[in-house]
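# Structure at a glance
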Amino acid sequence: MKALAARRHHRLAPVVLLLLALLATGGLYALLAPSPASADSASTQDIETGEKLFQANCATCHGPSATGTDDVPSLVGVGAAAVDFQVSSGRMPMQSNGPQAIRKPAQFDAEQTAQLAAYVASLGTGPTVPTDEQVDPALGDPATGAAVFRTNCAMCHNAVGAGGALSEGKFAPSLLEADVTDRQIYEAMQTGPQSMPVFNDANITPEEKRDVIAYIEEQRDGSAGGLSLGSLGPVSEGLWAWVVGLGLLIGAAVWIGAKSS
Amino acid sequence: MSTTERAAAGTADYLDQRTGLGKAVKEFARKTFPDHWSFLLGEVALYSFVILILSGFFLTMFFVPSMALIEHHGAPATMDGVLMSEAFSSTLHMSFDVRGGLLMRQIHHWAALLFMAAIVTHMMRVFFTGAFRKPRELNWLVGIGLLITGLGAGFTGYSLPDDVLSGNGLRITDGVIKSIPIIGSYMSYFVFGGEFPGEDIIPRLFTLHILVVPAIILAMIGLHLMMVVLHKHTQYPGGGRTDKNVVGFPLFPVYVAKAGGFFFVVFGVLALMGGTMAINNVWNYGPYDPSPVSAGAQPDWYMLFLEGSLRLMPGVTEYMIGDYTLSLNVLVPAVIIPGILFTFLIVYPFVEARVTKDKREHHVLDRPRNVPVRTGLGVAFLTAFIILALAGSNDLIATHFSLSINEITWVFRILLFVGPWFAFWVTKRICLGLQRKDRELVLHGHETGRIVRFANGEYIEVHRPLDEQERWLRVAYDAPTPLELEPQTDARGVPRKGYKKERRWARLSRFFYEDRIEPVTPSELAAAHAHGSHDELEGAKAPELHAGDTTHEGDR
Amino acid sequence: MNDNQHSTELGDAQNRDVDRFDDPGLPEHRHRRADSDPAADKRAERQVVVLFLISIIGTVASIVAYFVFRPDGTTDGVRISTLTLGLGMAFALLGIGLAAVHWAKTLMNDTEVTEERHEQRTPDAEREIAVQKLSDGAADSGIARRGVLKGAALSALAIFPLTIAVPLVSSVGGDWNVSKFRHTRWDKGTRLAIDPTGRPIKAADVTIGSVFHVIPDATEEERESHAWITEKAKAVVLVVRLDPRDLKEAEDRKDWSYDGIVAYSKICTHVGCPVALYEQQTHHLLCPCHQSTFDIADGAKVVFGPAKRPLPQLPIAVDDEGYLVAKSDFHEPVGPSYWERLK
């Protein structure tokens, strides 16, 4: 009985440790991470600096008053969240025309991004940048998140968020890349960048959005079964069965059939 | 006599008196098997099957084949409190709570993929070496039966966890069944016990998967192996290996150790894969629900060719016959294309025998190059299969190589028609080229790189003749000629019955054997030696040549 | 029988032709080091023993892993347990396998032996006996003479499976009422609700560019029943709102949408996958299974892929409280084509 009790105690230890570690990281993150400026609290000075940055870096395509053209979307009313998503993920400014804008190293630091967002938000109301609490995976329920993700996201982004193909060379990017932040995931749902539809708060509530983030964070732990093989499903599994499984066994067969020296 | 020996002798005597075991031991203990790595591919399939049964037994201890809905409690966190079928919940339970459960599930699934891969590679070996020829045509058919039931085993097992991915697979199956003219809707009800998905399909698939299909596979494996024993194994060509003997090692002890050891190697490799590589982690897909689907929705690899053919078929081919719908856009890719592929496999041995007019037993294998058209057809078949499988993965190709899925689909649509022909043509050319190279080698020997200058100033490179074994390998084959077509009328000028049919066969035979490279004959070799002075310097080393009743001396 | 004439020439094509090379016979046997060198022999034996020892260690390690790593339900916990059990098992098995093969290759006699083959065909004399036995038996039974008996026996054998097949077939397809394909859970006034939570949707919630995965509004009890899954398999709908200027609508369907909001069946008309990849900018809806692409702005017509028919449209309106409701069921069967779809 004693041994059993000891083991039970032992069994819970990793969970407790994990929770502590999560709390610690969360706390540290909250302390250290630069808090994104939301449009409401933006100062007029931020808006002015943002406008300068906009005229220098964005106006070529989006126009000096950010109203866009036939091919380029207007930014009036897209809100700070859209700017924060596009600029912090390096998609904007766009470098070349392709089927879609792709993730690159961000060109602006957090402060400049916030200033740009403040400027665009001042042109018309739109979704604001979510607070840290809104995107904190520790507060979300991964099971609800899984259900929401399955119905609304998995068909494009794959069951665990590894990404997938759209038509004509477009694609839904992987959500498991190390540089995809929880805030960007939230903003993407909120603003529907490029091909992605908008999932407004009536469709996926803010709590559900946080649950989705909790689900994705859960996936970052990898696969319970071992190497995830890209989490791409049966095709990659089949490829590995041929390459590793049959490869090793044909190697063994050659050894068995060869005459010993 | 030691105690163990006495005990063994006693047991043997006891058994023999009651079963006559001694006769079987006398017959089989030292049965000879030829040694070659490619002969072990079939064993990989056999052992994978044994491992499937062992690991499958483990899984049945924990799996609940029921579609009744329950709320799942416990690991993993993403599934806690979710409403799901008992099948899915028990799969989660055996993966997360049963120690070694996930390992067994993964071994089972990897073994299934390997089982099919080994069957396919084993068939490739049999096809390309002509091992399907008389007397083994029937065993070839049993092999195809095993391939098809293997697909069935995989399909029925894949769907059991009742997850979103396999559920969508079932849904596609339902769509294909419904496309069957006239009886489609009723067939769908027959399979699902009512409307898709209903509550019956998982228990039904379970019974098929753990009872019916394995029983059929076991029976066919028994038949397959019985015929192998009956026919004795084929062997690769080489000195001393003829159609009348089999050269190799005795079953006991060499093959008991090698083949028995190989079982453990196969199991070991699968344990390694099951322990380190995640496969079908169904909690990623979630319990079946008809609404969601995930990107990368594909079946296991052996079904990918069907998925690909469904993806390639343009939709315009759905027609109306009066008020009735004929979905050729589903029927052609899902029924007719696999039908063509399997028909090819089934009839090929009989067609080849017919156009070769071949009634002899064959136990020495062909080198693939020596039958260029067969090799070409085999490669063309594989090319079509691979193109279809790649088409079934077109979305992953698109994301991994930054291509447009629409363009890939178009490329594959065209490749499906062009690729096999091109592969056939190239392979046949390569085979003929290799045969010519063989002839060249036999006639002129190996290049040695030694340059010699004659007194008259001529330079030549010294060639070293092939030794007997090397030469035998390159000349011991038949190059059949096309069928001769008897005249349309017989001696009295009366038109013969069946002439047209014969002409068709003769035409097919020409396709097979029009281009052929005959093996070098002793007289050709002698002539080559007489004309070339290359080998003069090496003459002393040239082996003596014999052929039938004519003896040619080397030009010494 | 042609088979007989030829089957006596058991292989050996080479001997039929005079101008052919002779079989040089088996190559000379090459001895292994272990055959002549006692040290090599001893070394090979040691290697085999070590491999068996590795196997034993593997088994022990896997038992140890069993006790040390208890899966705790977390991804990491299950992974480490699976990994260690798997590695222990792999070593246990590979040790045995490699040891046995190495033993066979290095220490067992490797002189090739030759065994004669015999024709598959039964020798003529024995064949005759076999044929005789069969005809004796047939004569005994009198099957050839007694035509009626033969017919009766064959008929009885042919029809007895019906005793199993009839009850089976009558029940195996449920009620066999295939007309259920034509109807779904939607009806006049059924509210549109969010999948899977079941919250009803207000028209104002559906903003331009957003996509809603929709189920019919139902009680929680109904949604947790198994029958629901079968209903849901036909009833799932995708709702999007387009700028009314982008929307091309057929004359007879003008009143099926509401202020740019359209609802289409989510079940592909190809083989029934849920078509769900909505690309906001192009208004294209892509099926991840076989890449059929439908243009939502233009009546969900097929623009690419293996589907032929547009997705069925669900006519919608708004009720007094502003919630989206169905105006009726679908006007055609949803999902894949089947033979009598339009009957």
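Residues numbered from 1 in each chain as written. Chains lettered and ligands numbered in written order. Predicted model: local features only at pLDDT ≥ 70, side-chain atom pairs only at ≥ 80, totals over all residues. Heavy atoms only, no water.

### Structural notes on the interface of chain C and chain B
For clarity, the threshold we go by: Any two residues whose heavy atoms approach within 4.5 Å are treated as being in contact. Defined here as a combined quantity, buried area equals the accessible surface (1.4 Å probe) lost by two parts on assembly, summed across both. Salt bridges are counted wherever a side-chain nitrogen of Lys or Arg sits within 4 Å of a carboxyl oxygen of Asp or Glu. Think of a polar contact as two N or O atoms within 3.5 Å of one another; within protein, one of them needs to be a possible hydrogen donor and the other a possible acceptor, and neighboring residues in sequence only count if both atoms come from side chains. The numbering of helices and of strands both runs from the N terminus, where a helix is a DSSP run of H or I of at least 4 residues and a strand a run of E of at least 2. Think of it this way: DSSP has to see at least two bridges between two strands before they count as a pair.
In this assembly, 103 residues from chain C lie in contact with 131 residues from chain B. Summing both partners gives a buried area of about 10200 Å² for chain C against chain B, and 62% of it is carried by carbon and sulfur. The largest contributions to the chain C side of the interface with chain B come from F21(C), R117(C) and W339(C), which together make up 11% of the buried area. With a shortest N-O distance of 2.8 Å, E195(B) and K234(C) are connected by a salt bridge. Scanning the region where chain C abuts chain B turns up 39 residue pairs in polar contact (both at pLDDT 80 or more). Elements with a minimum of two residues in the side of chain C that touches chain B: α1 (2-7), α3 (38-68), α4 (75-106), β1 (113-116) and α9 (226-235) of chain C. The greatest single-element share of the side of chain C that touches chain B, amounting to 17 residues, is contributed by α4(C). Alignment of strand β4 (residues 245-250) of chain B against β1(C), held across four bridges, turns out to be antiparallel. Following the sheet pairing, V247(B) is matched in β1(C) by T114(C).

### Quick look at the pattern of salt bridges
Short version of the rule: Exposure is judged per residue with a 1.4 Å probe applied to protein chains only, and the accessible area is read against the type maximum: over 50% gives exposed, under 20% gives buried, and values in between give partly exposed.
As enumerated under the stated definition, the model contains 49 salt bridges over all chains in all. A salt bridge links R220(A) to E217(A); the shortest N-O distance between them is 3.1 Å. What makes R220(A) partly exposed here is its relative accessible area of 28%. E217(A) sits in the partly exposed class, given a relative accessible area of 24%. Sharing partners across several salt bridges, the network here consists of K259(A), R32(C), D35(C) and D110(C).

### Regarding helix α5 (residues 124-141) of chain C
This is how the line gets drawn: Multiplying one less than the number of residues by 1.5 Å gives the expected span of a helix.
Here α5(C) is 18 residues long and its end C-alpha atoms lie 26 Å apart, about the 26 Å a rise of 1.5 Å per residue gives. In the stretch just after α5(C), G142(C) is the one whose phi turns positive, near 70°.

### A closer look at the packing of helix α5 (residues 101-128) of chain B against α4(C)
The criterion, for reference: Axis definition: a line fit to C-alpha positions, over the contact stretch in the case of helices; interaxial angles, taken between N-to-C directions, run 0 to 180 degrees. Helix crossings are classified by the rotation of the near helix relative to the far one: an anticlockwise turn of less than a right angle makes the crossing left-handed, while a clockwise turn makes it right-handed. Each residue gets one of three labels, nonpolar for Ala, Val, Leu, Ile, Met, Phe, Trp, Tyr, Cys and Pro, charged for Asp, Glu, Lys and Arg, and polar for the others, Gly among them.
Contact geometry for α5(B) and α4(C): axes closest at 8 Å, N-to-C directions at 65°. The element α5(B) and its partner α4(C) pack so that their crossing is right-handed. Only V78(C), T82(C), L85(C), G86(C) and M89(C) of α4(C) make contact with α5(B), whose side of the interface consists of L102(B), L103(B), M104(B), Q106(B) and I107(B). Looking at the contact of α5(B) with α4(C) residue by residue, the class counts come to seven nonpolar, three polar and no charged.

### So, the sheet that holds β1(C)
Backbone hydrogen bonds are what pair the strands of a sheet, in a parallel or an antiparallel way. An order of β1(B)-β4(B)-β1(C) is seen for the three strands of this open sheet, with the pairing classed as antiparallel. In the strand order of this sheet, the two ends are held by β1 (32-33) of chain B together with β1 of chain C, each with one partner. With two bridges connecting them, β1(B) and β4(B) associate as antiparallel partners. Note that in β4(B) the partner of F33(B) across the bridge is F249(B).

### Section: the nonpolar core
Rule in force here: Each nonpolar core is a collection of buried residues, namely Ala, Val, Leu, Ile, Met, Phe, Trp, Tyr and Cys, held together in the definition by side-chain atoms within 4.5 Å.
Grouped together as the largest cluster of nonpolar side chains are 184 residues, with contacts concentrated most on W110(B), F262(B), L270(B), W301(B) and I296(C). Top element by residues in this core is α5(B). It accounts for 18 residues. Among residues more than four places away in sequence, those in contact with W301(B) are G238(A), W242(A), L113(B), M116(B), A117(B), V120(B) and F385(B). Counting 19 residues, the second-largest nonpolar core is a separate cluster that includes L192(C), I201(C), I316(C) and A326(C).

### Describing the domain arrangement of chain B
Under the convention used in this document: All the domain ranges listed were derived from an automatic or database domain assignment.
Under the domain assignment used here, chain B contains domain 1 (46-65 + 81-296) and domain 2 (441-541). Look at where the C-alpha atoms of domain 1 of chain B and domain 2 of chain B centre, and you get two points 46 Å apart.

### Some details on a nonpolar patch on the surface
Let me state the cut-off plainly: Residues forming no salt bridge and having over 30% relative accessible area are the ones grouped into patches, like charges within 9 Å of each other and nonpolar side chains (Val, Leu, Ile, Met, Phe, Trp, Tyr) within 5 Å. Computed by Shrake-Rupley with a 1.4 Å probe, the accessible areas treat only the displayed protein chains as cover when residues are assessed.
A contiguous nonpolar patch, built from V49(C), L53(C), I56(C), V60(C), I63(C), V64(C), Y66(C), F67(C) and V68(C) and spanning about 800 Å² of accessible area, is present on the exposed surface. Among the structural elements, I56(C) can be located in helix α3.

### With respect to the interface of chain A and chain C
Much of the literature gives interface size as the accessible area that the parts lose upon coming together. Counting from both sides, the interface comprises 35 residues of chain A and, opposite them, 40 residues of chain C. Both sides together, the interface formed by chain A and chain C hides about 3300 Å², and carbon and sulfur atoms give 54% of it. Of all residues in chain A, M155(A), W255(A) and K259(A) bury the most surface against chain C, accounting for 18% of the area lost on that side. For the pair chain A and chain C, the interface holds three salt bridges. With a shortest N-O distance of 2.5 Å, K259(A) and D110(C) are connected by a salt bridge. Across the side of chain A that touches chain C, the residue classes break down as 15 nonpolar, 14 polar and six charged.

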